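Fold and contact review
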Amino acid sequence: MIVGLLLVVVVVITVLLIYLNNRYVPRGGEVNLSDFVYEGPGEIFRSEAYGFGFRYPEGWVVKGEDGEFSATPVSVQDGRPLLISVRNVMLEAYKEEVEEERGTTVYREDKNVPGFEDATELKVSTASGLDTTVLFIRHDGRSYIVQYHDFNETHQDMLGSFQFLQ
């Protein structure tokens, strides 16, 4: 009985440690191209106007204008796009906007996001049941709203390389 309980505890701790080690850990500070986590073939996207950069894999297309950016795979088989919006909105107003205008529900909020002092991870579900994760980061008076999928390895790679330029 005790051995079985001990085994369950060890398994739970191991799974938790694997999950925490694979979570997105954003990097703040100056951009040093050698610091980007994603090491596969690809490119580096930088937005001097909006003060951030990230690495993305070959075959993805990054587009952006007016503070709205998307990193989209060429093939639908590679998953959905990673979206970044740079705006001047506070967290509570953003959550209200998401729930009222977009017909979605914020069902979990976590303010413990490693690497940033003022960031919140939101779990969002649409009326049709599609889940997405939103990382809401306040930096230098702006809100960086990053929509991604936890289980998309490429999204995790791109997020692991996200850096502010200032």
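The paragraphs below set out a description of the structure included in this document. (Residues numbered from 1 in each chain as written. Predicted model: local features only at pLDDT ≥ 70, side-chain atom pairs only at ≥ 80, totals over all residues. Heavy atoms only, no water.)

Before going further, it helps to examine the sheet that holds strand E1 (residues 42–47). Taken in spatial order, the 3 strands make up an open sheet running E1-E2-E10, and their pairing is antiparallel. Each having just a single partner strand, E1 and strand E10 (163–164) make up the two edges of the open sheet. As defined by bridge partners, strand E2 (residues 52–57) adjoins E10 across 2 bridges and the pair is classed as antiparallel. Bridge pairing in E10 links phenylalanine 52 to phenylalanine 164. Here helix H3 (residues 153–161) sits on the sheet in contact with E2 and E10, set at roughly 150° to E2. (Pairing = 2+ DSSP bridges. Helix = DSSP H or I, 4+ residues; strand = E, 2+ residues; numbered from the N terminus. Contact = heavy atoms within 4.5 Å. Axes fitted to C-alpha atoms, helices over the stretch in contact; angles between N-to-C directions.)

A word on the sheet that holds strand E6 (residues 104–110). The strand order E3-E4-E5-E9-E8-E7-E6 describes an open sheet built from 7 strands, whose pairing is antiparallel. Each having just a single partner strand, strand E3 (60–65) and E6 make up the two edges of the open sheet. Going across the sheet, the axis of each strand differs from the next one's by a mean of 20°, ignoring polarity. Where H3 meets the sheet, it contacts E3, strand E4 (68–73), strand E5 (82–87) and strand E9 (142–148), and its direction lies at approximately 155° from that of E9.

Right, let's talk about the pattern of salt bridges for a bit. Throughout the structure, instances matching the rule amount to 6 salt bridges. Here glutamate 97 ties to arginine 87 by a salt bridge, and the two come within 2.7 Å at their closest N and O atoms. Of the two residues, glutamate 97 is situated in helix H2 (residues 91–101) and arginine 87 in strand E5; the sequence distance between them amounts to 10 residues. A residue is classified by how much of its surface remains accessible, and glutamate 97, at 14% relative accessible area, is buried. Here arginine 87 falls in the partly exposed class, since its relative accessible area comes to 24%. (Salt bridge = Lys/Arg side-chain N within 4 Å of Asp/Glu carboxyl O. Buried < 20%, exposed > 50% of the residue type's maximum accessible area, 1.4 Å probe, protein only.)

On to the pairing of E1, then. Two elements, E1 and E2, share 6 bridges in a ladder whose sense is antiparallel. Within E2, the position partnered with arginine 46 by the bridge is glycine 53. Connecting E1 to the antiparallel partner E2 that follows it, the hairpin turn spans 4 residues, and glycine 51 within it adopts a positive phi of roughly 75°.

Here the focus is the packing of aromatic side chains. Per the counting criterion, the structure on display carries 13 aromatic pairs. Centre to centre, the rings of phenylalanine 52 and phenylalanine 54 are 6.3 Å apart; their planes meet at 5°, and the pair counts as stacked. Relative to phenylalanine 136, the ring of tyrosine 94 lies with its centre 5.7 Å away and its plane at 35°, an arrangement referred to as tilted. Linking tyrosine 94 in helix H2 with phenylalanine 136 in strand E8 (residues 131–139), this pair joins segments that are 42 residues apart in sequence. (Phe/Tyr/Trp six-rings, centres within 6.5 Å; stacked < 30°, edge-to-face > 60°.)

To continue, consider the pairing of E5. Relative to E5, E4 runs antiparallel, the two being bridged by 4 bridges. Note on E5: the bridge partner recorded for serine 70 is leucine 83. Here E5 pairs with E9 via 5 bridges, running antiparallel. Looking across to E9, one finds that serine 85 is bridged to isoleucine 145.

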